[in-house]
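This is what each chain is made of:
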Amino acid sequence: MSDKIDPFQPPSPESSSSQQNETVVRLPLIDLHPFKGYPALQSIMPRNQPYLVRDDDPTMIQLVARVKERGVTYPGVVRPDPEGGYEIISGQRRHRASELAGIPDMPVIVRSLNDEEAVTEMIDSNVNREDVLPSERAWAYRMRLEVEKRQAGRPGKNSPHHAANFRSDDEIGKSLGISGDTLRRFASLTELIPPLMDMVDSKKIGVTPASFLAALSRDEQAIVLDAMEYAQNTPSVSQAQRLKKASQEGTLTAELAREVLSEEKKAEAEKVSFSLDTIRKYFPRSYTPQRMQETIIKLLEAWQKKRQRSQER
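Criteria and cut-off values
Residues numbered from 1 in each chain as written. Predicted model: local features only at pLDDT ≥ 70, side-chain atom pairs only at ≥ 80, totals over all residues. Heavy atoms only, no water. Buried < 20%, exposed > 50% of the residue type's maximum accessible area, 1.4 Å probe, protein only. Helix = DSSP H or I, 4+ residues; strand = E, 2+ residues; numbered from the N terminus. Pairing = 2+ DSSP bridges. Phe/Tyr/Trp six-rings, centres within 6.5 Å; stacked < 30°, edge-to-face > 60°. Lys NZ or Arg CZ within 6 Å of the ring centre and 35° of its normal. 1 Å grid on protein atoms, 1.4 Å probe; cavity = no way out; pocket = protein on both sides within 12 Å on 5 of 7 lines; lining within 4 Å. Points joined across faces, edges and corners; volume = space filled by probe spheres on them. Axes fitted to C-alpha atoms, helices over the stretch in contact; angles between N-to-C directions. Parallel < 35°, antiparallel > 145°, perpendicular 65-115°, else oblique. Contact = heavy atoms within 4.5 Å. Nonpolar A, V, L, I, M, F, W, Y, C, P; charged D, E, K, R; others polar. Salt bridge = Lys/Arg side-chain N within 4 Å of Asp/Glu carboxyl O.

(A) Local environment of the pairing of strand β4 (residues 76–80). In terms of burial, β4 is a largely internal element, four of the five residues being buried. By the bridge criterion, three bridges tie β4 to strand β6 (residues 105–110) in an arrangement that is parallel. Within β6, the position partnered with V77 by the bridge is I109. Sheet topology places β4 next to strand β5 (residues 86–90); four bridges connect them, and they run antiparallel. Across the sheet, residue V78 finds its bridge partner in β5, namely I88. The turn linking β4 back onto β5 is made up of five residues, and G84 within it adopts a positive phi angle of 120°.

(B) The packing of aromatic side chains, seen in detail. Per the stated rule, a full pass over the model turns up one aromatic pair. Aromatic side chains Y141 and F186 sit 5.9 Å apart centroid to centroid with 85° between the ring planes, which places their arrangement in the edge-to-face category. Remark: F186 occurs in helix α6 (residues 180–188) and Y141 occurs in helix α4 (residues 134–152); sequence separation between them is 45 residues. Y141 sits in the buried class, given a relative accessible area of 3%. A cation over a ring is seen here: R258 above Y230, with NZ or CZ 4.2 Å from the ring centre.

(C) Up close: empty space enclosed by the protein. In the structure shown here, the tally under the stated rule is two cavities of 30 Å³ or more. Forming the boundary of the second largest cavity are L52, V53, R54, D57, T59, M60, R93, R129 and D131.

(D) A look at the packing of helix α5 (residues 169–176) against α6. Closest axis-to-axis distance for the α5/α6 pair is 7 Å, and the angle between their directions is 95°. Accordingly, the angle class assigned to the pair α5 and α6 is roughly perpendicular. For the pair formed by α5 and α6, the contact residues are D169, D170, I172, G173 and L176 on the first element and G180, D181, L183 and R184 on the second. Residue composition of the contact of α5 with α6, grouped by class: three nonpolar, two polar and four charged.

(E) Region of interest: the pattern of salt bridges. This structure, assessed with the given rule, holds 22 salt bridges. In this structure, D131 and R93 form a salt bridge, with 3.4 Å as the shortest nitrogen-oxygen distance. Of this pair, D131 sits in the loop between α3 (115–126) and α4 while R93 sits in helix α2 (residues 92–101), and the two are 38 residues apart along the sequence. For the pair shown, D131 and R93 are each scored as buried.

Dropping the structure here:
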């Protein structure tokens, strides 16, 4: 039997008025299992869900320590599995942390969710985590786009027109706190061959140049990978753009890839800067540029701490 617990904790940010009245229960860990996967992508996704649980990740180690000290303080979200037990939609890391901490159960909210609702819940609950790998973010956004495409194919409850249910990439990105370009760029990474995706995760290749490489066929990506090993170099943004253009023109060969990758990279360092006029309006007139900079740093530090606290959820 499941024991009700007293949920004196803040509600999930995405909670609706009806969800705020949901009951938090404790379920044995053995009754909870990972998400089985989104049917529309199961044939191409390397695993059933985008997010990995890494025991050696620093944030995971911290989470285990906190769970040992005070248990799981933020409930996960699960849905009943017709085959028995419950699928974890949100809270896989908390589930694993409880296992490592030797705690036999954890608080959860049980919801009846269809596949599309489950994916949306999963992505939205992890969108603010900073320890997510590019490959995880890529598959999460790809899943989110697939969900939107399928939902747009059916009429809404109050709409007889399919088109009325369609949301643009920019609108979806906005709901996730990113631009439509960022959403598309990350989602495109799912077309990378595994060795190139691993290089993105290990920060050997940036997301932007990798998104250009993702436009190449798998055979062409293998050619580029060989050229990278030959030149002992990874492509810059401009080099990746040239490789993509050559692919589109049908001129991408092993020789050309080696030639491009053997070239010395041009400096493409990026930095963020603001003119004094741009930020002056946000500060009292008495503030010097030095004091404005110190204030900005303090605000960023407070923001970072807030983001780190959100990772406990």
